[in-house]
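Next come the chains, spelled out residue by residue.
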Amino acid sequence: MIPANAHVALAAHENNGGVKILRRGYNFTDGIDSVGRLDAGLMFLSYQKDPAQFVSIQSRLGASDRLNEYIRHVGSGVFAVPPGLSGAGDYFGKALFA
């Protein structure tokens, strides 16, 4: 029932070789811009083991997502997030120095 080019279908792990990412969107509004338009949007965050997972899903979305007509990508960044602490004597980034 869901069209193949719907955002939810393109991003679903069932349609991406089982690739799953944790994702969250945050709406923002920053007033009115210089020409009187509402400056608002969505800050999208995702967490995955490998940035290639996000790239593969985003490539599918970029090619045929029905939402593309309504969105504009402004910027991005990739950050390493170390795992949590496992117990006494552990510290952030310990695995990187082992």
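Before any of the text, the structure's been laid out above.
For every chain, the first residue of its written sequence is number 1, and the numbers climb from 1 along that sequence. In keeping with the model being predicted, local features are shown solely for residues with a pLDDT of at least 70 and side-chain atom pairs are shown and tallied solely at 80 or more, while totals for entire chains, interfaces and linings include all residues. Side-chain calculation: all heavy atoms of the structure are included, whereas hydrogens and water are not.

A. How the structure looks around the overall build of the protein chain. What the protein chain contains, in helices and strands, is three helices and two strands. With the radius of gyration taken over C-alpha atoms, the globule rule is written as 2.2 Å times the number of residues to the power 0.38. Relative to the globule expectation of 13 Å for 98 residues, the C-alpha radius of gyration of the protein chain, 18 Å, shows a markedly less compact shape. With respect to the three principal axes, the spread of C-alpha positions in the protein chain is 55 × 40 × 20 Å. Considering the protein chain as a whole, with its 98 residues, one finds that 12% of them fall into the buried category. A contact between two residues is defined here by any heavy atoms of the two lying within 4.5 Å. For the protein chain, the proportion of contacts with a sequence separation of at least 24, taken over those separated by at least 6, is 37%. Surface accessibility of the protein chain: about 8,300 Å² in total, with carbon and sulfur atoms responsible for 59%. Mean positive and mean negative side-chain charge positions of the protein chain (9 and 8 charges, respectively) differ by 7 Å. In this text, helices come from DSSP runs of H or I with a minimum length of four residues, and strands from runs of E with a minimum of two, each type numbered from the N-terminal end. When a residue's accessible area, from a 1.4 Å probe over protein chains only, is under 20% of the maximum for its type it is buried; when over 50% it is exposed; and in between it is partly exposed. Computed by Shrake-Rupley with a 1.4 Å probe, the accessible areas treat only the displayed protein chains as cover when residues are assessed. Positive: Lys, Arg. Negative: Asp, Glu. His and the chain ends are not part of the count. Here the site of a charge means NZ on Lys, CZ on Arg, CG on Asp, or CD on Glu.

B. Summary view of the environment of Gly62. On the secondary structure map, Gly62 appears in helix 2 (residues 51-64). In this structure Gly62 comes out as partly exposed when scored by relative accessible area, which is 47%. Along the sequence, Gly62 and Pro82 sit 20 residues apart, while their C-alpha atoms lie 29 Å from each other.

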